[in-house]
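Working through the structure, step by step
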Number of protein chains: 2
Amino acid sequence: MRPSAVQGPLSGVTVIDLSRILAGPYCTLLMAELGARVIKVETPSKGDDARQYGPFVKGRSAYFMSVNRGKESIVLDLKKPEDRAVFDKLLAEADVLVENFRPGTMEKLGYGWDKLSERFPKLIYAAASGFGHTGPDAERPAYDMVVQGIGGIMSVTGHPGGPPTRIGMSIGDIGAGLYAAIGVNAALYARSQSGRGSKVDISMFDCQLALLENAAMRFFVSGKPPGPLGARHPSITPFEAFDTQDNPIIIAAGNDSLFVKLAQALGRPEMAKDPRYLTNDLRNRNVDTLKAEIEAILKTRPVAHWMEALDAAGIPAGPINNIAEALDHRQAKARNMVVEMKDPVAGPLRFVGNPVKISGYPDPTTRAPAPDLDGNRQAILAELKNGG
Amino acid sequence: MRPSAVQGPLSGVTVIDLSRILAGPYCTLLMAELGARVIKVETPSKGDDARQYGPFVKGRSAYFMSVNRGKESIVLDLKKPEDRAVFDKLLAEADVLVENFRPGTMEKLGYGWDKLSERFPKLIYAAASGFGHTGPDAERPAYDMVVQGIGGIMSVTGHPGGPPTRIGMSIGDIGAGLYAAIGVNAALYARSQSGRGSKVDISMFDCQLALLENAAMRFFVSGKPPGPLGARHPSITPFEAFDTQDNPIIIAAGNDSLFVKLAQALGRPEMAKDPRYLTNDLRNRNVDTLKAEIEAILKTRPVAHWMEALDAAGIPAGPINNIAEALDHRQAKARNMVVEMKDPVAGPLRFVGNPVKISGYPDPTTRAPAPDLDGNRQAILAELKNGG
């Protein structure tokens, strides 16, 4: 049995992973979670930079363990002929190669796509970089927050007139990892039809633009760049965070009949007949007065009271949970969204599980640990000797 | 030639799309952009609710057109036997079925997974719902903002002590669409090996938890739910937005050698030798004093000056672009991240392009329009008559 015990739709697929830190490793984590075998090929002495990133548990980077659980590791110096020979053998047996170096690095190493596709015609090669492998800015360096800024998402997040606001997770890296995984999986399917691999070229910046979707559409239609909207939906009302007696609540009455039910649940059925609030378009125009009216009622009772009333009326609503509350949600437990990993040094650790639930495969509550640097060297070399 | 002119790794794949509004349609848009044929099966009279969502261009919903470009449409009433017969024929020829109804709807229609998998063993069935098809909250309704609140992402976005902040794009829906596409593509690959389809069960709430990644890891390690951090990285310093003489700038000096370069670029090389700032860990502890020192320097010149200096020094940095600036970026143009669609009524419209660049397929700058309701009925029925 492989160190990666997960069975899934990608079982049998082998990924050679040169990637570091987050965007590339998140892509290969998604693949590992779907059953692929992922072999990290790390640089001598330090390996993946993320091994030095905190927080640490008994000296082990939880940052690293979180995105590299269930993978294997071998150290190779791709500038040394003997290590290149091992790398070549790995590629010959592999299905996918993933890296997130700066563009040009693979070419300098002699592993650019031209050479890879000639020598390994079935190999799928995914490169994730800040700005992609083409265009005038291909060589520019980027980190998550830089592309969050350049890509426009920060300009629509936050409160009007307020300071710049970062998305609270690394959407620059995670977004690139998600689109990369979509591309690699599509390329695996295409190869099953054509027999040939392909190169997937992912730019973090491109992915930020793609994620804008609705905000980009509104700009293209109006010619005006949309600004931040605080905690409300840009075109549906009421659809935002409201204050109650204790904590804020989100209410999303996305259509006329839900608005009628909301007015009833608030004990103010006549609100639904108010000429200012008859349609979504009218409610959008009178969003401020409507919010004040709704909030005045909500402030008389706590969230728990309103959640019960809104649930009973079938109105989409919810509290604003902190991370502890979100992960402790009974539905998160019921769907194995928290998994446990036993690290030989750090001990038991918990991480977020796999949201891609696929029939026919188990959805286990445990995961194999992240590898020590070079931790699978002997087993990998032995396999290569025996012809894979 | 199909209405969808895009060639890609999923060319030859047919998707039957019962989904409405955003999460499901975004999944099938991703597939259409990769070459799949997507046939929307819409309800009589109104079809996809998003057809009524603004903004409108000459009476056509740009919201709808943006996520449904290049798809086809047929209206079927799945409660009528003659329409069910057509639907059955479509499924018999299709590879993938996508829906985002409330759990239980497909079972009521007689198209639950048990029946689907028995009758159409090769079919891949993807369901995207608020809380998934299992667990105690499966039946709960949800909209994007509700899962943004329940899923925890809002608790880490915004400024300490500030009001709740929504992510400025529909990450609840778009996130579910992304993970659904990863699952469907993986299932297509698995089917190429096994010959059998599978069910992909996606919960918007699960996806929010998965997107937290680093924030969830920090909670599991510390036991303390992380709070909002404004515009800075949780564990790397300096890595945040700074004020300059005119607009804010993001600087991401992710390691010690970049910090040395930054100190030089700011004309203060001695800052890198300050005992408070020698390591990332020390810089994290002294983040406030370091920020004040850096900002005092940055405020003497505008963003344009600093971008030049930081670029020359190879330090990841960038402005905070609005949507217009982001989409007008020369790199966005160079990589066809803005595409044009000619709608027969609304005229030419622009949308965000495809960030998944795959070798061997064209990356066109135009797209086919979104379908009229029932607009492809005759062609689809004629094909079925001729045996697909």
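Residues numbered from 1 in each chain as written. Chains lettered and ligands numbered in written order. Predicted model: local features only at pLDDT ≥ 70, side-chain atom pairs only at ≥ 80, totals over all residues.

In terms of regular secondary structure, chain A is built from 16 helices and 15 strands. Principal axes of the C-alpha set define a box for chain A whose edges measure 80 × 45 × 40 Å. Among the 388 residues that make up chain A, the fraction classed as buried is 54%. Restricting the contact set of chain A to residue pairs at least 6 apart, pairs at least 24 apart contribute 70%. (Helix = DSSP H or I, 4+ residues; strand = E, 2+ residues; numbered from the N terminus. Buried ≥ 20, exposed ≤ 12 C-beta atoms within 10 Å, placed from the backbone. Contact = placed C-beta atoms within 7 Å.)

Residues and elements named next belong to chain A. The sheet built from three strands is open, its strands ordered β13-β12-β15 with mixed pairing. Two strands close off the open sheet at either side, each with one partner strand: β13 (347-352) and β15 (366-367). The sheet contact formed by strand β12 (residues 338-343) and β15 spans two bridges and is parallel. Note on β15: the bridge partner recorded for glutamate 340 is threonine 366. (Pairing = 2+ DSSP bridges.)

Let us now look at the packing of helix α7 (residues 171-194) of chain B against helix α8 (residues 204-212) of chain B. Relative orientation and spacing of two packed helices are given, respectively, by the angle between their axes and the distance between those axes. Residue and element names in this part refer to chain B. The contact between α7 and α8 brings their axes to 9 Å, and the two run at 90°. For the element pair α7 / α8, the angle class is roughly perpendicular. Residues Ile171, Gly172, Gly175, Ala176 and Tyr179 of α7 lie in contact with α8, whose contacting residues are Met204, Cys207, Gln208, Ala210 and Leu211. (Axes fitted to C-alpha atoms, helices over the stretch in contact; angles between N-to-C directions. Parallel < 35°, antiparallel > 145°, perpendicular 65-115°, else oblique.)

This brings us to the interface of chain B and chain A. The figure often quoted for interface size is the accessible area lost as the parts come together. Contacts between chain B and chain A engage 123 residues on the former and 123 residues on the latter. Ranked by the residues each element gives to the side of chain B that touches chain A, the list is headed by α7 of chain B, at 14 residues. Tallied by class, residues from the side of chain B that touches chain A come to 76 nonpolar, 35 polar and twelve charged. Judged from the two bridges that link them, strand β14 (residues 357-358) of chain A and strand β8 (residues 199-203) of chain B form a sheet pairing that is antiparallel. Within the sheet, the bridge partner assigned to lysine 357 of chain A lies in β8 of chain B and is aspartate 201 of chain B. (Nonpolar A, V, L, I, M, F, W, Y, C, P; charged D, E, K, R; others polar.)

All names here are of chain B. As judged from the four bridges shared by strand β9 (residues 239-242) and strand β10 (residues 249-252), these two strands associate in the antiparallel manner. When the bridges of β10 are listed, phenylalanine 242 appears paired with isoleucine 249. Hairpin connection from β9 to β10: six residues lie between these consecutive antiparallel strands.

Of all hydrophobic cores here, the largest spans 235 residues; its most connected members are Ala126 of chain A together with Ala126 of chain B. For alanine 126 of chain A, the contacting residues outside a window of four places in its chain are Cys27, Val96, Val98, Ala180, Gly183, Val184, Val200 and Ile202 of chain A. (Core = buried A, V, L, I, M, F, W, Y, C linked by C-beta atoms within 7 Å.)

In screw terms, the move from chain B to chain A is a rotation of 180° and a rise of 0.0 Å along the axis, fitting with an RMSD of 0.0 Å. The transformation relating the two chain copies, once decomposed into turn and shift, fits a two-fold axis. A share of 100% of the interface residues of chain B reappears at the interface of chain A, consistent with the copies meeting face to face through the same patch. (Least-squares fit on C-alpha atoms with pLDDT ≥ 70 in both.)

The mixed open sheet is built from seven strands, whose spatial order is β5(A)-β2(A)-β1(A)-β6(A)-β7(A)-β8(A)-β14(B). Because the sheet does not close on itself, it has two edges, and the strands there are β5 (72-75) of chain A together with β14 (357-358) of chain B. With four bridges joining them, strand β6 (residues 96-99) of chain A and strand β7 (residues 124-129) of chain A adopt parallel strand pairing. If you follow valine 96 of chain A over to β7 of chain A, its bridge partner there is isoleucine 124 of chain A. Together, β1 (14-17), β2 (37-42) and β6 of chain A form the strand contacts of helix α3 (residues 81-93) of chain A, whose direction differs from that of β1 of chain A by roughly 145°.

A word on the packing of helix α1 (residues 23-33) of chain B against α7 of chain B. Residue and element names in this part refer to chain B. Across the interface, α1 lies against α7 with an axial gap of 8 Å and an inter-helix angle of 45°. Taken together, α1 and α7 sit at an angle that is classed as oblique. Classified by chirality, the crossing of α7 by α1 is right-handed. Judged by residue contacts, Ala23, Tyr26, Cys27, Leu30 and Met31 of α1 engage Asp173, Ile174, Ala176, Gly177, Ala180, Ala181 and Val184 from α7. For the contact of α1 with α7, a count of residues per class yields ten nonpolar, one polar and one charged. (Left-handed = near helix turned anticlockwise from the far one by under 90°.)

With that settled, the discussion passes to the domain arrangement of chain A. Along its sequence, chain A is organised into domain 1 (14-212 + 330-385) and domain 2 (249-319). On a C-alpha basis, the centres of domain 1 of chain A and domain 2 of chain A stand 43 Å from each other. (Domains from an automatic or database assignment.)

Residues and elements named next belong to chain A. A cis geometry characterises the amide bond from glycine 54 onward to proline 55, with omega recorded as 0°. By the secondary structure assignment, proline 55 is in the loop between β2 and β3 (56-57). In this structure, isoleucine 21 is a non-glycine residue whose phi angle is positive, near 65°. Mapped onto the fold, isoleucine 21 is located in the loop between β1 and α1 (23-33). The class for isoleucine 21 is buried, based on 20 C-beta atoms found within 10 Å. Of note in the backbone geometry, aspartate 374 takes a positive phi value of approximately 70° without being a glycine. Mapped onto the elements of the fold, aspartate 374 is located in the loop between β15 and α16 (377-385). For aspartate 374, a count of 16 C-beta atoms within 10 Å puts it in the partly exposed group.

Once that is clear, we can look at the environment of isoleucine 171 of chain B. Residues and elements named next belong to chain B. With respect to the helices, strands and loops of the structure, isoleucine 171 is situated in helix α7. For isoleucine 171, a count of 28 C-beta atoms within 10 Å gives the class buried. It is 7.1 Å that separates the C-alpha atoms of isoleucine 171 and aspartate 144, two residues lying 27 residues apart in sequence.

Turning our attention to the confidence of the model for chain A. On average, chain A scores 95 in pLDDT, and the residues at 70 or more come to 98%. Confidence estimates for the predicted assembly give a pTM of 0.96 and an ipTM of 0.96. (pLDDT = per-residue confidence, 0-100.)

So, on to the environment of methionine 271 of chain B. Residues and elements named next belong to chain B. Summarising the element assignment, methionine 271 is placed in the loop between α10 (256-265) and α11 (280-285). Each C-alpha atom of the pair methionine 271 and proline 225 lies 33 Å from the other, and the pair is 46 residues apart in sequence. Setting aside chain neighbours within four positions, we find methionine 271 in contact with Ala263, Tyr277 and Glu293.

This part covers the environment of serine 222 of chain A. Inspection of the secondary structure assignment puts serine 222 of chain A in helix α9 (residues 214-222). In the structure, serine 222 of chain A is positioned 83 residues away from glutamate 139 of chain A in sequence and 33 Å away in space, judged by C-alpha atoms.

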